[in-house]
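Chains, contacts and geometry: an overview
Residue-level listing of the chains:
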Amino acid sequence: MPPVPGDRPPRVRRTRLLAVLAALVTVAAGLTVRAVTGGWFGKYAGDALYTVLVHALVVLVWPRVTPVRAAIGALAFSWAVELAQLTPVPAALSEASVVARLVLGSTFGAADLVAYAAGAVLAASAHTLAGHRSRQRRERAAAAP
């Protein structure tokens, strides 16, 4: 059956579905880490997972993006949000909205930049691994009689 005009190739749909699942799992992991742990681990694990979530959202929007480019984009966004906290704007928005507080934070922390980098590495690694497994499945399917 020929593809319907405007229909996405199955691989793009599958990638987007996996990105949505990754985003949901990441949010659940972030909420769990915050609820179960405390101290520096809870804080910095949450920061790293923030960048993992942004990576998943980048892949959702651009499903053919390479793992490294998605990680660089996610890291750049995370760092931009953190550096914006050097201004009074995020703090003011955070006082007005819980969503703004979750997305923008309110106070700058240099160590957060390192946690975001760790999250970008984690996300790129998982994305690369998923790509390798997907390629292996396709190769096995093509080689099967």
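Overview of the structure. Along each chain, residues carry numbers from 1 onward, in the same order as the chain's sequence is written. Given that this is a predicted model, residues contribute local features only at a pLDDT of at least 70 and side-chain atom pairs are listed and counted only at 80 or more, while totals for whole chains, interfaces and linings are drawn from all residues. Each side-chain value is derived from all of the structure's non-hydrogen atoms; neither hydrogens nor water enter the calculation.

Secondary structure counts use DSSP, requiring at least four H or I residues in a row for a helix and at least two E residues in a row for a strand, with both numbered from the N terminus. Looking only at helices and strands, the protein has six helices and zero strands in total. Walking the protein from its N terminus toward its C terminus, one meets helices and strands in the order α-α-α-α-α-α. Type-normalised accessible area, obtained with a 1.4 Å probe on protein chains alone, sets the label of each residue: buried when under 20%, exposed when over 50%, and partly exposed for intermediate values. In the protein, buried positions account for 31% of the 145 residues. Residue contacts follow a heavy-atom distance rule, with two residues in contact if any of their heavy atoms lie within 4.5 Å. Pairs at least 24 apart in sequence give 64% of the contacts found in the protein among residues at least 6 apart.

In these notes, a set of buried Ala, Val, Leu, Ile, Met, Phe, Trp, Tyr and Cys residues joined through side-chain atoms within 4.5 Å is what counts as a nonpolar core. Core analysis: the biggest nonpolar cluster contains 15 residues, and Tyr50, Val54, Val58, Val59, Val65, Ala70 and Tyr116 have the highest contact counts within it. No other element matches the five residues that helix H3 (residues 67–84) contributes to this core. When neighbours within four sequence positions are excluded, Val54 is seen to be in contact with Ala74, Phe77 and Ser78.

Let us now look at the pattern of salt bridges. Any Lys or Arg side-chain nitrogen found within 4 Å of a carboxyl oxygen on Asp or Glu counts as a salt bridge. Summed over all chains, the structure comprises two salt bridges. Notably, a salt bridge pairs Lys43 with Asp47, separated by 3.3 Å at the nearest N-O pair. Of this pair, Lys43 and Asp47 are both found in helix H2 (residues 39–61), four residues apart, which corresponds to roughly one turn of the helix. Residue class for Lys43 comes out partly exposed when judged on its relative accessible area of 31%. Here Lys43 and Asp112 are joined by a salt bridge, their closest N and O atoms 2.7 Å apart. Here Lys43 is found in helix H2, whereas its partner Asp112 is found in helix H6 (residues 110–143), with 69 residues between them in sequence.

Every angle, taken between N-to-C directions, lies between 0 and 180 degrees, and every axis is a line fitted to C-alpha atoms, over only the stretch in contact when it is a helix. In the contact formed by H2 and H3, the axes pass within 8 Å of each other and the chain directions differ by 125°. If you check the angle between H2 and H3, you find them oblique. Considering the relative orientation of H2 and H3, their crossing is right-handed. Every residue of H3 that contacts H2 at Tyr50, Thr51, Val54, His55, Val58 and Val59 is listed here: Pro67, Ala70, Ala71, Ala74, Leu75, Phe77, Ser78 and Val81. By the convention adopted, Pro, Cys, Tyr, Trp, Phe, Met, Ile, Leu, Val and Ala count as nonpolar, Lys, Arg, Asp and Glu as charged, and the other residues, Gly among them, as polar. Among the residues making up the contact of H2 with H3, the classes are represented as eleven nonpolar, three polar and no charged. Just so you know how the angles are binned, under 35 degrees is roughly parallel, over 145 roughly antiparallel, 65 to 115 roughly perpendicular, and the rest oblique. Note on convention: near helix rotated counterclockwise from far helix by under a right angle means a left-handed crossing. Clockwise means right-handed.

This next bit is on the packing of aromatic side chains. Here is the rule: rings of Phe, Tyr and Trp (six-membered ring for Trp) pair when centre to centre is within 6.5 Å. Planes less than 30 degrees apart are stacked, more than 60 are edge-to-face, and the remainder are tilted. All told, the structure shown has two aromatic pairs when counted by the stated rule. Where Trp40 meets Phe41, the ring centres are 6.1 Å apart and the plane angle is 85°; that geometry is what we call edge-to-face. The exposed category is assigned to Trp40, whose relative accessible area is 64%. For Phe41, a relative accessible area of 43% translates into the label partly exposed. The interplanar angle of 45° and the centroid separation of 5.9 Å between the aromatic rings of Tyr50 and Tyr116 together place this pair among those described as tilted. Of this pair, Tyr50 sits in helix H2 while Tyr116 is found in helix H6, placing the two residues 66 residues apart along the sequence. The buried category is assigned to Tyr50, whose relative accessible area is 17%. Since its relative accessible area comes to 5%, Tyr116 is described here as buried.

Position of Arg64 relative to the elements: it lies in the loop between H2 and H3. Taking the relative accessible area as the measure of exposure, Arg64 reaches 65% and is therefore exposed. Sequence separation of Arg64 and Arg16 is 48 residues, and the distance between their C-alpha atoms is 9.6 Å. The residues contacting Arg64, other than those within four sequence positions of it, are Pro9 and Val12.

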